[in-house]
Structures are given as structure tokens and as C-alpha cells.
Amino acid sequence: MDSELEVQLKKLRTQLNSKAAHQQQHAATLLAVEETIKEQHMVAEPASYFAALLTLLEQSDSGSNGLTGAIIYLLSIILPFVSHNTLRAKFTAMMAVLAQSLDLGSADVALLRSVISCLETLLAAQDAGSWGQPIAQGTFKSLLALATDSKPKIRKRAQEAVSKLLSSPPAPAVVHPAAGATAEFVVEALLNAKAETPAAMYTLQLIKQTDMLWPEEAFGELCEALMQLPKLNTPYITTLSFQALESVFSSATESLDEDQFRDLLISIIDLKPNMNDPLASEAWLKIIQKGYASYATISPEACFQSLPDLIDLMFPDIEMGKQSTREVATQCIWAMMRECIPDSKLGSAGVAKIVKTISTGLSYRYRESWTLVFLLIAALFQRLGKFAHPAMDAVLTEVANMRMEPDFELKNEADAVLGAAVRAVGPQAFLEVLPLNLDADQRKGDVGRAWLLPLMKGHVRNAPLRYFVETMLPLADSLAARSLQFVTEGREIEAKVFSALSLQVWALLGGFCNVPADILQAFTPEFAERLANEMLELPAARPAICGALQTLLTAVHTIAHSEAGTGPLTQQQALAAEMHLARFAPDYLSQLFNIFAQSPGASRGFLMDTINTFLTVIMPAEINATFVKVCTMLDEALKAHTPPAAAELTERYLEAHPPPNAYTMMDLATAMTAYLDAERAQMLVRAAFVLAKQNDDAILQKKGYKAISRLAEQPTESPARQLIEEIMTAQLIPMLVESAETVAVSSRRERLTLIASLSRSLTDEQLHFVPAMLSEAILGTKEANERARNVAFETLLTMGRRMAMGGVINMAAVTGEAAEDESMEVQHQASIEEYFKMTAAGLAAQTPHMISATVAAISRALFEFHEQLSTSFVLDIMSTVLMFVVNNNREIAKASLGFVKIIVVILPKEVLLPHLAEIVKSILKWSHEFKNQMRLKCRHILDRLVRRLGLETVAKVTPEEHVRLVANMRKRQERSKRGKDGKMTAEDEDIHAEATANASASAAGKKSFGNAYEDVLYGSESELDDSDDDDVDTRAAGSKGAKSKTKLGRKGEDARGQSTAPAAGTANKGAWIKEDTDGPLDFLDRSAFTHFATADPAAAKVRRTPTAPKMKDGKLFFDDPEEEARKAAAIAAASASAAAADDEVEQEDYYLQSLQSKDGFYRTPNQKIKFHKRKAGDDDNDVEMASDGEAAPQKPAAKRGKDSNGAAFGREFRSRKAQGDVKRGSIDPFAYIPLNPKNMKKGTISIKGNSKKDKRARNAK
């Protein structure tokens, strides 16, 4: 039996004890049918259920609605799984019994829905011949009648059934056989819409939902009927008719000829609704968009002729329509400009009329829709391309003028339009319309547009390179000359400005090098020499020139070696251009080598990228000859090389000084590894071996390993890779083993990269390389450098994949000692389990560092290869590592907890359950640990266990001393459930938000690279925080929440808790005029719009300037910013409260009361509440704090420690930022208490305390 059917039947069987009577009836009927099938020894398959239910339905009493409804409901579930042949054979019998239930007057809604499902399944199983029979046609007409029923549930289900049937015609028919009957039914219902309005509405809903090809003979009649509906002046009918027409247009191309389509579109245009009716307007716009897109495929010329007038008709909707209508109108116009303007008409008068219509959107009355207008202008530039010049020159000038206004608010949108113009017409035509006016001779009376240079940088492409050579390059020279002139005149500011402008012109070179069509003509030897000289003499322009050369070479090389040319170049033209550029490559490479050697180490990246790009177009013979020269210079540099001092390797030093020449030559030699022949590759290997073995200079050692690694990464057929394979066993592996003890820390990443590259292609005789290098890869997982750790993990996985491929490992070759007897030679079969055994040997190490690294390596490998391991083997690994979870060493325990996280995720539930108690007991040792986030890790693991196995299962194996932890998890689970149900309280939201933020921050801080293993190890997705119980969590969250709400309030609320968000519907309702002192505003001026703003200019924030230190008695006296902020907040809160009390009852300011009231309180750093020890009449802001548990007296007899004004004695000596007293320009502070005569006795002087403790002591005496 089908699994899906079995799931549905299983769910039905559980409803036998349901409280709903109909569900009990369904379950009882199903059980009775299954009992009958068992008694008759039939196979429990869909056909058996169908036969039993059909027999039962035929025998049932028609008056028993409950049993009949249950049988038909079960049939609606069973029929989709019965074969089509069976359904065709039993179609007549089924219709005979189902027809009795189609009485719309007395039938139950649930029964009719089940009947509709059965009819849908039966009709979908019929072939094309069966649809010609009257019984099938009558059944379908019954469904059509149900599709317009007044009961919504029946109507919806019938419409779904009709839509599915019509959208899936039986093979080989393209149009459904029932489409004609459907069209007749629909047309009849629509023609009677005036008398039967509800039926017409339901029919329109059916048309909208149905996705089918309407018959050609009925299409015109259907469209005519739909066009008559808007004349009824019923808004909803009008909207539905437009939506129905939109769906009908999907088949319009094949059903109507050109004349019919034109007439239909004219009729639709005449029905344009009022723009204030958004539903009808948007539906009408969508019809126009889809209709004209179809019309453009039938008759492009005729469609384009009517396009300008149509855009002129729709454009006012962008100005005066609702916001949603504006957006739909913009999308409609955009689509029609893209699809309805033929390429042959791009320069026609019709396009000029469209441009004129769109340009009216730049007037001030379209100010609210300028964003949409700018989108249309950019789209029109994109469609017209080079034909936009000169058709859109006036629009371009107007946008540029608007952009230059200082207070213009849509500069980003205007920049997008200007960028589209640059891409469309090219930089030459663009600058003809908007000249830069940078030279003094051109700037007389004109406006400078230097701001266009950085804007053009990202939009110039496919432009002629000759224009840059002939126009832009002389401009850059002129600007640079003026900069030098200003330097000689001592005008530094002007010199920097013109120097920056010159560099901005050079920055445009990259765009001109983006696939120009005139490479052969414009890239002359003179221009190439000029670029080489500028790279050497002008360091500021060097990145731009190198980037442009990279762009040019990469684009040409890509087109030349692709199947077909793209853009302005064909493949043959690209090959010729590549050969032309290759002639200049040797000279450029020599120049780049010199610049690379002279450049500081921190600014070499783009130079190396440029060198690598030129190497792709140079002949290999020239590269090998250059390599020999570099190797010669490398030998000379190594002879004179001395390791640099530590000060010469700092970042600051490298930003200003080039590194030693030996480093430079080795980098250049390594860059050419992909193009070397066998002899030159041998030279590089010898040099790299020498560097890798030495331990005097760590950087040279690193570069040696890097060179060998690059050789090992080459393709198998390359000479360099073949050389590595030849020396692998005899030289390379022994060298790596011998140099393991002398590897510098900075060289480990490159060494591990080399080990990973070699491990991918190990032969069976070389498999001893895996155990020889395994310990180094394991230790690499504990490197401080993140990239080194990532490479170490990848190396472990590469070794594991090679071991899984099989082979024989000669363990004697690992130590390098031959066995005395062949029988003593130890050999192991390579497998993934053997790899885990070798890795697990590190658990017997003596140092915690090695043990923790081994656990991390096992965790990563287990996550990758657990599907290839047997369950018993995984359990053995788990039991071994679990012993380390309870280890007292934090480093080992932390790695072991990460392993537990992995097994909790990867192990199946049935495997995890028997060991759950052991896992929980192990990790709970660290549940009370606060350091190194060990406690939080335990909580996350428990949370994962709860989500996988359930809270009750975890609670059963939790020890008694951790019951509170389980209770806390239960509370959080309930709180999370309430949040999902939308019933989370405010307090729950605060706690949930805080816990989620803490967990996310912790995970984000540890994630190093995005993969599944990192997500499992660090991505907890836990709702738990670092608290013991819910009371502590609530108190902490409440304290933090109260503190944040007191100082800042909630987002969108002011200090009194009142919302400051604008009321709904107030957006774009007003405007402000910005006044200036030049005189009254001229509303007829084109720049008048820049003096309008949608927000109140007076409400702009004023930056507070810091106050200067005050002088007091000759000493500097600084105000306490925290105290000043508290006072300012209190004053602002009080002022806001007074302002809000106009014509209302004055509201209390609880924050101010907490500072000044005698009942106010504060919180200590450990979040305990303490009340102010304020006495009546004490209005000073400085309050004495009562001790814990001590209440302030209500009516003290005397003000001990206060002066006549109620202030505490000695407050002038109080320090604001520290404990103790501070001298503030007066007498020295002394600790004293003024004597009170009332407390003095004869002959003695005593001071009686007034605290409760003192009173109890006196009473005891």
C-alpha cells in the first residue's frame, strides 16, 4: 500500500474516540471495511478498499446520511490511489450511486465536498474518448453548477476541481474536451449578469482561477461578454472582469487575429477606470500590460503606433493615483517600453513622443513620484541605447541640474539615471551633453561638473578606447600640470584638488578597457609605453592602470577562448586582439617586476595580480627564459641575505619599505610555477628544498613550502606535477618527515597545504605518508591562526578520503627502518576505520594539548565520515571520548563537549537513547562551571537533546541534584510555545530576546567559516542563557530591561512611555518651505523644488559641542559626563511631562521620582534593590543609601550628619569617580562628626547613634 495512503488511514483510525460524531463515524466505517477485507482474505490495497466501499455504498440506505457521508468521505481518500483503468470501468456504477447525493437543497456541505472530490478523481481518470459520452459531460456540468453555488465552501471546492480538470487535458488533446461546454456556461452566466449578479461574480472567480486554453471559436464571444460587465457600474464586478481578462490573455495570441486583438484592446482602453479606485485601476493596468505584450508578438509595428498615446493616457496615474496604483502604473509603462518598442523604431518620432511624455514627470507636480519617474527614465535610457542621444539630451540635462542642487533629496536616484545614460550613449556623447568644464577656458560662465568623474567610473563599458587616448588622457595631463603649477606657487589646496581630479580621470581607464572594439587601433606602442611610464612614475595612478590592464587582458582572453564572441568583439577579433596585446606583454612584465621589487610589502597585491594576468598571454618559452633570470637573481640574493630584524617585519615598516630582495625573487619565481617545463621546475624544487629545510628565516621557509605546494597543485598532465610525482617517494616525503621538527609557526599553514595536496594523489606504496603526517595535521587544529586551523581540518578530511579508497600501509616505512625479517613487517589495510584508529592513538598522549587536538580531529572526521562507519565502531569511539568529558583539564573537557555536540546531532535516536544517561551524567559535571563558557556549552547540549528526544526522556535520566535545571528547561519550553502561539507576555519577550541575543553573539564570535560542521559545533540555536533557574533569569532580565527602559525608553516611545511614531496615514501629508535670507521664494523658478522638504527642518538634531574645562581655584575642573547626562535626562523628562499635561491631568514622572523621592530605590551592581535613605524635607539630589535590610525612619528626631539646609556634611569633598575625599580648592577634608549638645553628659562627651542597632544595644544595657 502507498505510504501516503497509509498515513491518512492511520490518522483516521485514531479518531475512533474523537468527540466529534462524524469523525467517530469515519473511523468506525474504516475499521469495519478493514475487518471485511481480512475476513475475505483480501490484500489490503487501494483496489480492495475501493471494492468494499463501493459495495457498501450500493447496499446502504439512502436515508442514512451519516453512513453514506462516511463511505463517500473514505472513497474521496481512496480513489486517488486506485488505477485509472479500474476507475474507467466503474465510472458508470460510481455515478449511479453518487448522483443520489447531489441534491443541493438537502445535502450536507461536508458530504457535497466529498462528492466533488470523488467526481474530480473519476473525471481526471477518463481518456479523451470517454469525455465524449453523455455521462461524463453531464457530470462535468454538475461540477460547473456547483462552482457557482451560493455556499462558499462548496463553491470553492468545485472551482478548484474544475480548474484542475481543465488545466490537465487528456492526451493527446491540447484543449480540454470540456472547454467548449465551459465557455458556453461562462458566456451564458455573464450575459445574465444584470439579473443574476451573484452567479456572474462566481463565474468570474472561476475564470480567474482557471488556467487553460480557451477554444478559438468561443474566445471572441467570451471577451465580448467580459467587456460588457464594466458597463454595469458595479465596482467589484468591474474589478473581477479585469482580472478575468488578464487570465484570458494567456491564450490570446493563438486565439485572435490582429484585427480582433486591436479591437479588443481599444475596447479595454475605453474602459479605463477612475484612478482613485485602486483595485479597478491596478487590474486595468495589468490587463494593458499583458495585452500589449501579446499584441507585440502578433503585430509589432501596429502595437508601437498606439504605444505613445497609451503611455500618455497612463502617465497621470503616476502623479495622482494611490501609492500602489503608482507602482503598478510604473511597472506597466516599464514593461511596455521594454517589450513594445521594436529595434527598428528606436530612433522614430514615436519614441520622441514617449520621451516628451516621460520628461513631464520631472515637473514639480510629480514631486511625490520622482523616484518612480527616475526609474522610468533609466529604463528608457537602457532600452534606447545609443539612440537616446540626442533624443533624451534635454532630459539628461534636467536631471543633472536637479542633481546639482545642494538640497536635492533624491541624489542616489538621479545618479542611477546618469549612470544608465553613460552606459547607453557612451562617455563621449554623455560629456558632450554634460561637459565637465574643468579647464579655466571652458569654465567662463559655465558650471563645473567634476562630480561626474567618480559617477562615470562604474558605468563606462564597451566604449572606444581611442576616446580616452585622444580626449581624456590630455585632460589628465592638463590637470596634473596645473597641480604642479599650484605647487610651485605654494597653493597646496588647489594643487591637491587638481591632483585628485587627474587621478579620477585615470580611474576611468578601467571602464574604457572593458571590451573596447578598437583595441588594434587604439592600443598603440606609444600608448602602451605611456602606460608603462605612468606605472613607474605615478604611484597614485598605478592601481588604476594595473586594474585596467587586468580587465582588458581578462576580457579579451575570455572571449578568445569561448565558443562564441560576446559584446562588440567576435571570437576571431578577440584572438587577434590577444595576439596584439601579447607583443607588449614581455616589456610590461619586466616593468612590473621592477615595480614589484621597489614597492612596499603592504601594497603588492594588485601588482602580483597584474603579473599573473600577463603570464596568461605570454608564450611559455619566454616565461621559462624569464624564470631563469629570476632564479639567477634569487641565488645572488640568497647569498647576500641576512634574516631581517623583528622591527623590519612590522606592518608599519612594510607600508613604507620593500621587503628583502630574496623574498621578492622567490615570490616572482613562485608566480611562474604553472608555466614551467620540467627543467625549470626542477630548479624551483631544488631552491624550495633548501629554503624549507633551513630554520634561520621563517619567511623564506614559508615561501619554500608555498612553492612546492603550487607545483603539487598543478594539473596531472603538467610537467611540474609529473616532477612532483617522480620525487614524491624518494625525496619529498623524506624531506617533510625530516623537517617536521624545524617548522616555524608561520610556515605551518603552507606546509599543511602541501600535505593536503600530496595526500589527494597518494599511491598504495605511498600510503605510509598518512600516518607519518597525521600527528602534525592533528596538532594543526589547535593553531592560533584561523586559516591554519581550517587547512589542518581540510588536511585531515583529505587523508580520510584517501584512506577510504583502500590500499596497504607499510608501517615500517613510517619510521624509515626496514624490518629484520619479512615476516615481521607490519602492514595494515587502509580503510576509514583504520584511519580513525590511527587518529585515536593521540588520545594516549601525555599533554592536554595533544589530547584535546585529537578529540577535535575525531569530532570533525566523525561528522564527515559517520555514514561510512558501523554503529558499533561509532559507539566505541563515543564511549572512549566520553571518559574525557569528566576530565579535570578544561582544555580536554572543552574539546570533549564539542564531540558530544556532534554525536547528539549525527547519531540516530534509537542509537542515542541507550547511552543517554551516560551522556547526561558526563556533561552535567560542568553545569555549575562559570569559566570559559563551559556551563553554557552544557546547557546547549541539553537543549539539543531535549529537541531531539523530548523533555520527559531527558528528565528521566537527569540526577536529582539537577532537577531545577530540568524545571527551568520546561518553563522555557512552555514560554517558547506561548511565543509561537502568539501569547508570549512582555516579560517572556524580554527574556527570550535577551537569551537569543546572547546565544547568537556567542555563536557568531566563534564561527570561522560557514559549513555544516561549524553550524553544529557553534550554532546552538538555543533559548537557554547562563542562569540556574527561572527566578534568577527573570530578575536579571527585568533589571536590565528596567534600566534600559528608564534611560532610553522603548523604540518609538518618549520618556513618558508615549508613542512618538507618526500616526497611520500621516506620511506625505505635508511639506515645509525652507526660508533663506536672499528674499522671497520664487515659485516659478525651476530650482524652487529644492526649497521644499517633506520633514520639518527645525526638527533636525543639533550636535552638542563639548564644554571646555572650567577653572576653579587655579586648577582644571572637569564635569562628570555621566552625572551631567543623568541630570539632563531628568530635566528633559520633567519638561516633557509638563508639556504633555496641557489640558490633561498631569502625569507622574516615575524616573524623576526614583531620583528624588524618599521612597525611591536604586540597584547595586549585583542587581539588588536598595532604597534611598531620604528624610522628609530633604530635597537635595545627593542621598544617603540605606544598608541592606535597613529602612529609612519616617520622622527622625534629629538630622544627624546634615547641616541646616539638610545636606550631608562633607559633600563638597565627595569624589564623583572614586572613593574617598578630594580637596576642591578649600580647606583640607577631615573625617569628623559635629557634636550634638543634646547627646552630651556631664564630664563626658559621647555620641549616641540613632540606628536600630544602637537603640537595641542601649536597651540591652
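Since the structure is predicted, the reported quantities are computational estimates derived from the model, not experimental observations. (Residues numbered from 1 in each chain as written. Predicted model: local features only at pLDDT ≥ 70, side-chain atom pairs only at ≥ 80, totals over all residues. Heavy atoms only, no water.)

Chemist: Describe the overall build of the protein, listing the residues and the values that go with them.
Modeler: Scanning the protein for helices and strands turns up 59 helices and 9 strands. Look at the contacts in the protein between residues 6 or more apart in sequence, and 66% of them connect residues 24 or more apart. Taken as a whole, the protein presents about 65,500 Å² of accessible surface, with 53% of it coming from carbon and sulfur. (Helix = DSSP H or I, 4+ residues; strand = E, 2+ residues; numbered from the N terminus. Contact = heavy atoms within 4.5 Å. Areas by Shrake-Rupley, 256 points an atom, 1.4 Å probe, with all protein chains shown as cover.)

Chemist: Break down the nonpolar core for me, with residues and values.
Modeler: Residues Ile377, Phe430, Phe523 and Leu945 are the most contacted members of the largest nonpolar core, which totals 275 residues. Among the elements that line this core, the one with the most residues is helix α24 (residues 411-433), at 12 residues. With residues up to four places along the chain from it excluded, the contact list for Phe430 reads Leu396, Leu418, Ala421, Val422, Val425, Leu452 and Met456. Among the nonpolar cores identified, the runner-up in size contains 50 residues, and Phe50, Leu57, Ile116 and Ala147 belong to it. (Core = buried A, V, L, I, M, F, W, Y, C linked by side-chain atoms within 4.5 Å. Buried < 20%, exposed > 50% of the residue type's maximum accessible area, 1.4 Å probe, protein only.)

Chemist: Could you give me a rundown of the pattern of salt bridges, with the residues and numbers involved?
Modeler: For the structure on display, the rule yields 31 salt bridges. One salt bridge connects Glu34 with Arg13, and the closest N-O pair in it is separated by 2.7 Å. Taken together, the positions of Glu34 in helix α2 (residues 21-39) and Arg13 in helix α1 (residues 3-13) put the pair 21 residues apart, joining distant regions of the chain. Here Asp677 and Arg680 are joined by a salt bridge, their closest N and O atoms 3.2 Å apart. A residue is classified by how much of its surface remains accessible, and Asp677, at 27% relative accessible area, is partly exposed. Members of the salt-bridge network, linked through shared partners, are Glu794, Arg801, Arg860 and Glu864. (Salt bridge = Lys/Arg side-chain N within 4 Å of Asp/Glu carboxyl O.)

Chemist: Describe helix α46 (residues 848-865), and please don't skip the residues or the numbers.
Modeler: The end-to-end C-alpha distance of α46 is 25 Å, a good match for the 26 Å that 18 residues give at a rise of 1.5 Å each. When you tally the buried positions in α46, you get 15 out of 18 residues, the bulk of the element. (Expected span 1.5 Å × (residues − 1).)

Chemist: How would you sum up helix α35 (residues 620-639)? Please name residues and give values.
Modeler: Relative to the 28 Å expected for 20 residues at 1.5 Å per residue, α35 spans 29 Å between its end C-alpha atoms, a close match to the ideal helical length. Within the sequence span of α35, burial applies to Ile623, Asn624, Phe627, Val630, Cys631, Leu634 and Ala637. Taken around the axis of α35, the buried residues stretch over an arc of 130°, which confines them to a single face. Residues Ala621, Lys629, Glu636 and Lys639 are exposed on α35 and point more than 90 degrees away from its buried face. (Arc of directions from axis to C-beta.)

Chemist: Describe unusual backbone geometry, and please don't skip the residues or the numbers.
Modeler: Going from Ala171 to Pro172, the amide bond is cis rather than trans, its omega being 0°. Relative to the elements of secondary structure, Pro172 occurs in the loop between α9 (152-167) and α10 (179-191). Put simply, His389 and Pro390 share a cis peptide bond, and its omega is 10°. Backbone geometry at Asn462 places phi at a positive 55°, although glycine is not the residue there. Within the element layout of this structure, Asn462 appears in the loop between α25 (452-457) and α26 (465-488). With relative accessibility at 44%, the residue Asn462 sits in the partly exposed group.

Chemist: Just give me the short version of the packing of helix α45 (residues 832-840) against α46, but keep the residues and values in it.
Modeler: Taken N-terminus to C-terminus, the directions of α45 and α46 make an angle of 165°; their axes are 10 Å apart at the nearest point. By the angle between their directions, the pair α45 and α46 is classed as roughly antiparallel. Handedness of the α45/α46 crossing: left-handed. In contact with Ile832, Phe836, Thr839 and Ala840 of α45, α46 contributes Thr854, Ala857, Ile858, Ala861, Leu862 and Phe865. (Axes fitted to C-alpha atoms, helices over the stretch in contact; angles between N-to-C directions. Parallel < 35°, antiparallel > 145°, perpendicular 65-115°, else oblique. Left-handed = near helix turned anticlockwise from the far one by under 90°.)

Chemist: Residues and numbers for the packing of aromatic side chains, please.
Modeler: Following the criterion strictly, the structure yields 15 aromatic pairs and no others. Where Phe523 meets Phe527, the ring centres are 5.6 Å apart and the plane angle is 90°; that geometry is what we call edge-to-face. A residue is classified by how much of its surface remains accessible, and Phe523, at 2% relative accessible area, is buried. Within the aromatic cluster, the residues linked to one another by ring pairs are Tyr364, Trp370, Phe374 and Phe408. Seen from the ring of Tyr202, Arg155 lies directly overhead, with NZ or CZ sitting 3.9 Å from the centre. Taking NZ or CZ as reference, Lys272 lies 5.4 Å from the ring centre of Trp284, over its face. (Phe/Tyr/Trp six-rings, centres within 6.5 Å; stacked < 30°, edge-to-face > 60°. Lys NZ or Arg CZ within 6 Å of the ring centre and 35° of its normal.)

Chemist: Describe a negative patch on the surface, with residues and values.
Modeler: Side chains of Glu184, Glu188, Glu221 and Glu224 sit close together on the surface and give a patch of like negative charge. Put simply, the parts of the chain that give the negative patch at least two residues each are α10 and α12 (216-228). (Patch = residues over 30% accessible without salt bridge, like charges linked within 9 Å, V, L, I, M, F, W, Y side chains within 5 Å. Lys, Arg positive; Asp, Glu negative; His and termini not counted. Charge placed at Lys NZ, Arg CZ, Asp CG, Glu CD.)

Chemist: For the environment of Leu503, give the residues involved together with the corresponding values.
Modeler: Within the secondary structure, Leu503 sits in helix α27 (residues 492-507). Residues Leu503 and Leu453, spaced 50 residues apart in sequence, show a C-alpha to C-alpha distance of 9.9 Å. Other than its neighbours up to four places away in sequence, Leu503 contacts Leu538, Ala540 and Ala541.

Chemist: Give me the lowdown on the environment of Ile892, citing residues and values where you can.
Modeler: Among the secondary structure elements, Ile892 is positioned in helix α48 (residues 890-906). Ile892 sits in the buried class, given a relative accessible area of 3%. Here the alpha-carbon distance between Ile892 and Ala856, two residues 36 residues apart in the chain, equals 9.5 Å. With sequence-adjacent residues up to four places away left out, Ile892 is seen in contact with Pro848, Ile851, Ser852, Phe884 and Asn887.

Chemist: Explain the environment of Leu575 residue by residue, including any values.
Modeler: When you line up the elements, Leu575 lands in helix α32 (residues 571-582). Of the residues examined, Leu575 reaches a relative accessible area of 29% and is grouped as partly exposed. Between the alpha carbons of Leu575 and Ala560 there is a distance of 4.9 Å; along the sequence they are 15 residues apart.

Chemist: Break down the side chain of Thr839 for me, citing the residues and quoting the values.
Modeler: By the secondary structure assignment, Thr839 is in helix α45. Thr839 sits in the buried class, given a relative accessible area of 3%. Beyond its immediate stretch of four places on either side in the chain, Thr839 contacts Leu774, Ile778, Thr854, Ala857 and Ile858.

Chemist: Please provide a residue-by-residue account of the side chain of Ser369, values included.
Modeler: Along the chain, Ser369 falls in the loop between α20 (349-359) and α21 (370-384). Under the relative-accessibility criterion, Ser369 is labelled buried at 1%. Here Ser369 is in contact with Ile318, Glu319 and Arg326, once residues within four sequence places are set aside.

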